Amino acid sequence: MPSTLSDSDRTLLDFEARAPRSLGAKEESIRQELGLTPTRYYQRLNLLLESPDALAYAPQLVRRLRALRERG
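Keep in mind the model is a prediction, meaning the values are calculated, not measured.

(A) Representation of the nonpolar core. Counting 16 residues, the largest nonpolar core has Leu12, Leu13, Tyr41, Leu45, Leu48 and Ala54 as its most contacted members. When contributions to this core are tallied by element, the ones reaching two or more residues are helix H1 (7–18), helix H3 (38–48) and helix H5 (59–71). Apart from residues lying up to four places away in sequence, Ala54 is in contact with Leu5, Leu13, Leu48, Pro59 and Val62.

Laid out in structure tokens, this is it:
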């Protein structure tokens, strides 16, 4: 079954995997590299965390982020 992840979805997941740890630096990188507001970035990321295709593409990242989200 082909993936329904778009190139921008994969780019977003790849960015999250290597994003700066500091919030300020990360938000600046989101704006510069992805052309998104941090709010929109996190909205898209949260939607991707529910995607089986995202899990297949980046299993460790998606599982780690799901666990962090559940700990809230």
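(B) Representation of the pattern of salt bridges. Under the definition given, this model contains 5 salt bridges. The partner of Lys26 in a salt bridge is Glu16, and the shortest N-O contact between them spans 2.9 Å. With Lys26 in helix H2 (residues 23–34) and Glu16 in helix H1, this pair connects stretches of sequence that are 10 residues apart. Judged by its relative accessible area of 11%, Lys26 is buried. Linking Glu33 and Arg18 is a salt bridge whose minimum nitrogen-to-oxygen distance equals 2.8 Å.

(C) Structural detail: the side chain of Glu16. When its relative accessible area of 9% is taken as the criterion, Glu16 is described as buried. Polar side-chain contacts of Glu16 include one of 2.9 Å to the side chain of Lys26. Reaching out from Glu16, the side chain makes a polar contact with the side chain of Tyr41 at a distance of 2.3 Å. With near-sequence residues (within four places) excluded, Glu16 lies in contact with Lys26, Tyr41, Leu45, Leu61 and Leu65.

(D) Molecular detail of the environment of Ala19. If you trace the backbone, Ala19 turns up in the loop between H1 and H2. Take Ala19: its relative accessible area is 12%, and that puts it in the buried class. Sequence separation of Ala19 and Ser29 is 10 residues, and the distance between their C-alpha atoms is 7.8 Å.

(E) Up close: the packing of aromatic side chains. In total, this model carries 2 aromatic pairs according to the counting rule given. Considering the side-chain rings of Phe15 and Tyr41, the 5.6 Å spacing of their centres and the 85° angle between planes classify their relative orientation as edge-to-face. Here Phe15, found in helix H1, pairs with Tyr41, found in helix H3; they are 26 residues apart in sequence, far enough to count as distant. By relative accessible area, which is 0% here, Tyr41 ends up buried. Aromatic side chains Tyr41 and Tyr42 sit 5.0 Å apart centroid to centroid with 80° between the ring planes, which places their arrangement in the edge-to-face category.

Conventions used here
- Residues numbered from 1 in each chain as written.
- Predicted model: local features only at pLDDT ≥ 70, side-chain atom pairs only at ≥ 80, totals over all residues.
- Heavy atoms only, no water.
- Core = buried A, V, L, I, M, F, W, Y, C linked by side-chain atoms within 4.5 Å.
- Buried < 20%, exposed > 50% of the residue type's maximum accessible area, 1.4 Å probe, protein only.
- Helix = DSSP H or I, 4+ residues; strand = E, 2+ residues; numbered from the N terminus.
- Contact = heavy atoms within 4.5 Å.
- Salt bridge = Lys/Arg side-chain N within 4 Å of Asp/Glu carboxyl O.
- Polar contact = N/O pair within 3.5 Å; in protein donor to acceptor, adjacent residues only side chain to side chain.
- Phe/Tyr/Trp six-rings, centres within 6.5 Å; stacked < 30°, edge-to-face > 60°.

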